[in-house]
Amino acid sequence: MTAGLLHIDSRLVSQSASATFSIVTKCLEHRPSLDRLYVLLRHPQNNTSKDVAVSASSSFFEQLTTLYNQAFRISSTLDLRVLLANVNHTSISDQWLSSLDLQVVLQDTPHSLPAVLQSLPAVNLHFASPHTLETTHGAKWTVYKKVVIGGTFDHLHAGHKLLLSNAILRCSQCLTIGVTRQEMLEKKRLADLIQPLAVRQERLRGFCQEVNPFIDYNIVPISDPFGPSTVDADLVAIVASEETLDGARAVNVERARKGLKELAVHTFPLNDVEGSTADLRTISSSYARQQMLGRLLKAPNDKVLPRRPYLIGITGGSGSGKTSISKYLATKPDVMVIDCDKVAHEAYKKGTALYHRLVQEYGQSVLHAETGEIARREIGRIVFGNEEARKKLNSLIWPAVRDYCLANVKESNPKVAFLDAALLLEAGWADALHEIWVTFVPEEEAVKRITERDSVTKEEALRRLHTQLSNRQRIDQAHVIFSTLWDYSVTHAQVDRAWQELTQRL
Ligand SMILES: CC(C)(COP(=O)(O)OP(=O)(O)OC[C@H]1O[C@@H](n2cnc3c(N)ncnc32)[C@H](O)[C@@H]1O)[C@@H](O)C(=O)NCCC(=O)NCCS
Ligand SMILES: Nc1ncnc2c1ncn2[C@@H]1O[C@H](COP(=O)(O)OP(=O)(O)OP(=O)(O)O)[C@@H](O)[C@H]1O
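What counts, and where the lines are drawn
Residues numbered from 1 in each chain as written. Chains lettered and ligands numbered in written order. Predicted model: local features only at pLDDT ≥ 70, side-chain atom pairs only at ≥ 80, totals over all residues. Heavy atoms only, no water. Helix = DSSP H or I, 4+ residues; strand = E, 2+ residues; numbered from the N terminus. Buried < 20%, exposed > 50% of the residue type's maximum accessible area, 1.4 Å probe, protein only. Contact = heavy atoms within 4.5 Å. Areas by Shrake-Rupley, 256 points an atom, 1.4 Å probe, with all protein chains shown as cover. Near = heavy atom within 4 Å. Polar contact = N/O pair within 3.5 Å; in protein donor to acceptor, adjacent residues only side chain to side chain. Pairing = 2+ DSSP bridges. Axes fitted to C-alpha atoms, helices over the stretch in contact; angles between N-to-C directions. Core = buried A, V, L, I, M, F, W, Y, C linked by side-chain atoms within 4.5 Å. Domains from an automatic or database assignment. Nonpolar A, V, L, I, M, F, W, Y, C, P; charged D, E, K, R; others polar.

A. Highlighting the overall build of the chain. When its secondary structure is counted, the chain shows 17 helices and 15 strands. Across its three principal axes, the chain shows a C-alpha extent of roughly 95 × 55 × 40 Å. Within the span of the chain, comprising 506 residues, buried residues form 50% of the whole. For the chain, contacts bridging at least 24 residues in sequence account for 76% of all contacts bridging at least 6. Carbon together with sulfur atoms contributes 51% to the accessible area of the chain, which is approximately 23900 Å² in total.

B. A look at the site of ligand 1. Looking at ligand 1, there are 20 residues lining it, with Asp-341, His-345, Tyr-348, Arg-376 and Asn-394 nearest. Contact distances for ligand 1 include 2.6 Å between an oxygen atom and a side-chain N or O atom of Asp-341. One nitrogen or oxygen atom from the side chain of Trp-398 is found 3.1 Å from an oxygen atom belonging to ligand 1. Here ligand 1 has 770 Å² of accessible area as a free molecule, and 90% of this is covered by the chains. Those elements giving two or more residues to the shell around ligand 1 turn out to be helix 10 (340-347), helix 12 (376-383) and helix 13 (387-412). Considering every element that reaches the shell around ligand 1, the biggest residue donor is helix 13, with five residues.

C. Spatial organisation of the sheet that holds strand 6 (residues 144-151). Pairing within the open sheet is parallel, and its five strands lie in the order 8-7-6-9-10. What marks the edges here is a single partner per strand, and that holds for strand 8 (216-222) and strand 10 (264-268). Averaged over all pairs of adjacent strands, the angle between strand axes in this sheet comes to 25 degrees, irrespective of strand direction. Pairing between strand 6 and strand 9 (residues 237-241): two bridges, direction parallel. In the sheet register, Val-148 faces strand 9, and the bridge partner there is Ile-238. Each of strand 6, strand 7 (171-180), strand 8, strand 9 and strand 10 is contacted by helix 5 (residues 158-169), which is oriented at about 150 degrees to strand 7, the strand it contacts most.

D. Examining the nonpolar core more closely. Formed by 71 residues in total, the largest nonpolar core has its most connected members in Leu-64, Leu-175 and Ile-177. When residues in this core are grouped by element, the largest group, seven residues, is from helix 5. Among the domains, domain 1 (1-137) and domain 2 (142-271) are the pair contributing at least three residues each to this core. Leave out the neighbours within four places in its chain, and Leu-64 touches Leu-41, Val-82, Leu-84, Leu-162, Ser-165 and Leu-169. Of all hydrophobic cores here, the second largest spans 41 residues; its members include Tyr-355, Leu-424, Leu-433 and Phe-440.

E. Highlighting the site of ligand 2. Ser-318, Thr-323, Arg-453, Trp-486 and Tyr-488 are the nearest of the 17 residues found near ligand 2. Contact distances for ligand 2 include 2.4 Å between an oxygen atom and a side-chain N or O atom of Tyr-488. Within the side chain of Thr-491, one N or O atom sits 3.0 Å away from a nitrogen atom of ligand 2. In isolation ligand 2 has 630 Å² of accessible area, and contact with the protein removes 81% of it. When residues in the shell around ligand 2 are grouped by element, the largest group, three residues, is from helix 9 (residues 322-329). The class makeup of the residues in the shell around ligand 2 is two nonpolar, nine polar and six charged.

F. The sheet that holds strand 2 (residues 36-42), seen in detail. One open sheet holds the five strands; their spatial order is 3-2-1-4-5, and the pairing between them is parallel. Looking at which strands have only one partner, the edges of the open sheet turn out to be strand 3 (79-82) and strand 5 (122-124). Between one strand and the next, the sheet's axes are offset by a mean angle of 20 degrees, whatever the strand orientation. Pairing of strand 4 (residues 104-107) with strand 5 involves three bridges; the strand directions are parallel. When the bridges of strand 5 are listed, Val-105 appears paired with Ala-122.

G. Here's a closer look at the environment of Val-343. Within the element layout of this structure, Val-343 appears in helix 10. On the basis of relative accessible area, Val-343 is assigned to the buried category, the value being 9%. Once the C-alpha coordinates of Val-343 and Ala-421 are considered, the two residues, 78 residues apart in sequence, prove to be 9.9 Å apart. Once residues within four sequence positions are removed from consideration, Val-343 is found in contact with Ile-338, Val-401 and Tyr-404.

Below, the structure is given as structure tokens:
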């Protein structure tokens, strides 16, 4: 990770959204590889001769809003973190700043760097001088010993960072953060992509500790909308965005019912300042999850495999859209697509060794009365309700399917070969492939599709799905993910994006 620190006069950010936009743009132009940009806002009169602290105030919070908003407009992947431990404090702890693992300091003037930063490469970016000499303070800013906030905090984004910053600026001792457990989130859009609770907690703690390590953070999983806010008698204030004000009010109703002291409620708007086009309300976790679709999420497995043919497994639960995605991929140039279900069906055609083996295993009753072929539906009935029988079938069929696929791909030698196989991961094929592409839909949708397509009952569809890995288990191993939950054009757009990225890395 490449991290830099922007050290600037706080008035530069107060001027306008467009001035802030150009400051962040300049930083990224100078260092395009920056993954994370810390911002240390300096009081205008704070230079080497005078120590003056930046104060928490409503106008300071507006500056944070502008910064997060404009940074998001410029790059949705830049991890901006405005530091807060210097707010209201004249001396800045060396230990704090040196823990940030910085590679570069970007600044407006060549002087006044805190001592611990002076050994780092520093670049003066010559921002335009501030128009005003005064800093504005706005309304009174009250600080409390114990503050509480709550949320899901999936894929920590600018809206979350502003909520956390507001609460940190209002807190002098301990900030309690309730984080929703996975089971409360099943109904959310693209719920299978929500980060696990432990990851969300760790990212939250990382952000909070970095921006201000001098207060305590009590980060607790919650299983209801209130969490500790209606239990902890020591809490004094709650912070919420304006959109969630009703939730904060409900906390106080519940506290009153339990005889607990009412919390001071502080809200802040998530709308933009100074009329720029970005709106923090559009920065949402579901947007972040949507952005993951069709994108490379981790490095391909190309250490030991030859570059050609480049092997990609397409997998997903029954009814998740593997076949339609594979058909679409087959229209791309120099690719080969193998439908492993079809290969399996061919492998036990009448007269083959496997045919005789299956008859030996399951008896004559699995044969079509007229054609003498294996009646797949009959085998399905046996194996989807019986784990032992299914394992046996898999052990008989998978090696044959795998050998056929690899031999065919080798012979045709296309640039890219896609293997469409529902049980790719279960069968342990991942190591033989460069990438795993996973498609998923919620279970409810999969059941609907399977019952309509295959004329089976809901119970049969569920039984089939439950013999397979879960969406989350597959997504954990995926290089690229798709969701076919919407219109075909949306699926195709995801696949086009993945294809375009793939052609760039091949
Ligand atoms: C069990 C069989 C006879 C049922 O045939 P049927 O025509 O009803 O289903 P079809 O072959 O079209 O498969 C539909 C879907 O069922 C699921 N499925 C198939 N086999 C299995 C299995 N062994 N375990 C779990 N799910 C399975 C997959 O999602 C598959 O895409 C048939 O699926 C089969 O031969 N399966 C073994 C081959 C296999 O493992 N294929 C998966 C890819 S290698
Ligand atoms: N936007 C979409 N993209 C892809 N498939 C969709 C979409 N909308 C609906 N579907 C439907 O979903 C159903 C299941 O898709 P498909 O047959 O491709 O699944 P599959 O993953 O190959 O399933 P199985 O493993 O059971 O063979 C199909 O009937 C398809 O028409």
